Structures are given as C-alpha cells and as structure tokens.
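Chain residues, written in single-letter form:
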Amino acid sequence: MVRISELARAAGVGISTVRFYERRGLVVPTARTHGGYRHYDQEALRRLRFIRRAARLGFTLTEVEQLLSASTKPDVGDVVTGKVAEIEQRMRDLERVRLALLDVAENGVREQCPVVAALSD
C-alpha cells in the first residue's frame, strides 16, 4: 500500500493526474486513512502505467476507459477494430515519412521537401 505521492512518483505522473484519473474512475484508492489520505495498491500502479502507455500510443482517454472496462463490458469490438485501422494508417504514414527522411539524408532537399510531400498526400 502506498500513498498518492508515492504512487504518482512510481508511475511518473503528478499527483493531480492521479486525482484526475480517480475522478474518472480509472484509478481507485484501496483505502483511506482516518486522516483522509488515499492508499493505493499495485493494481493502481499497473493501471496508471497502462494509461500512460496507451496515451503515448494514441489512445484517447475514452478508449482507455473502454479497454479497462472490457472485463465487465465485453462489447469493445468496435473500439478495438477502429483503433487497429487507425494504427495501421499511422504506420503507413510513418513509413512514408521514414522513406522521405532517408531520401533527404541521401539526396538533400530539392524543390519540394520529400517530407512535406509525404505528409501532403
């Protein structure tokens, strides 16, 4: 059991972020002391780390909420399918940018920057 400040530090977020996620129901304190201090368990840390990683990968907070609730609401198929399509599109875009950057590294910038051209399609 850890206090909110220790949880925030371990997850690499601010205390206000933990409180925000708590208000959204994504992280729940395991207990409160008589003085009102929140105590969290390892599950809260696991969830915070998941939320951060999912956000870095482009998941919205609503999508994260849906994924975390999948164990109680197994109807997340549309969310997952939509996110897979979005990720695949992003991968295609990143591959075009990667190739454009390699072109710039090899040939320099010409009349139109290949990176700009790759992102304008």
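Just so it is clear, the structure is predicted and the values come from calculations on it, not from any experiment.

### Things to note about helix α2 (residues 15–23)
Buried within α2 we find Val18, Tyr21 and Glu22. End-on view of α2: buried residues confined to an arc of 105°, all on one side of the axis. Looking at α2, the residues exposed on the side facing more than 90 degrees away from the buried face are Ser16 and Arg23. Turning to α2, the residues buried within the fold contact α1 (4–11), β2 (31–32), β3 (38–40), α3 (42–56) and α4 (61–68). Residue glycine 25 follows α2 closely and has a positive phi angle near 85°.

### Observations concerning the sheet that holds strand β1 (residues 2–3)
Ordered by their spatial adjacency, 3 strands build an open sheet running β1-β3-β2, and the pairing between neighbours is antiparallel. Looking at the sheet topology across the chains shown, the edges are occupied by β1 and β2.

### Re the packing of α1 against α3
Any two packed helices are characterised by the angle at which their axes cross and by the distance between the axes. The contact between α1 and α3 brings their axes to 9 Å, and the two run at 40°. Taken as axis vectors, α1 and α3 run oblique relative to one another. For the element pair α1 and α3, the recorded crossing hand is right-handed. Contact residues: α1 offers Leu7, Ala10 and Ala11, while α3 offers Ala44, Leu45, Leu48, Arg49 and Arg52.

### Regarding the side chain of glutamate 22
You can see glutamate 22 is positioned in helix α2. For glutamate 22, a relative accessible area of 17% gives the class buried. Sequence-distant contacts of glutamate 22, that is, excluding residues within four places in its chain, are made with Val27, Pro29, Arg32, Arg38 and Tyr40.

### Digging into the packing of aromatic side chains
What the rule picks out here adds up to 1 aromatic pair. Between lysine 83 and the ring centre of phenylalanine 59, over which it is positioned, the NZ or CZ distance is 4.8 Å.

### A short note on the environment of glutamate 6
Locating glutamate 6 in the fold gives a position in helix α1. You can call glutamate 6 partly exposed: its relative accessible area is 33%. Between the C-alpha atoms of glutamate 6 and glutamine 66, which are 60 residues apart in sequence, the distance is 27 Å.

About the cut-offs
- Residues numbered from 1 in each chain as written.
- Predicted model: local features only at pLDDT ≥ 70, side-chain atom pairs only at ≥ 80, totals over all residues.
- Heavy atoms only, no water.
- Buried < 20%, exposed > 50% of the residue type's maximum accessible area, 1.4 Å probe, protein only.
- Helix = DSSP H or I, 4+ residues; strand = E, 2+ residues; numbered from the N terminus.
- Arc of directions from axis to C-beta.
- Contact = heavy atoms within 4.5 Å.
- Pairing = 2+ DSSP bridges.
- Axes fitted to C-alpha atoms, helices over the stretch in contact; angles between N-to-C directions.
- Parallel < 35°, antiparallel > 145°, perpendicular 65-115°, else oblique.
- Left-handed = near helix turned anticlockwise from the far one by under 90°.
- Phe/Tyr/Trp six-rings, centres within 6.5 Å; stacked < 30°, edge-to-face > 60°.
- Lys NZ or Arg CZ within 6 Å of the ring centre and 35° of its normal.

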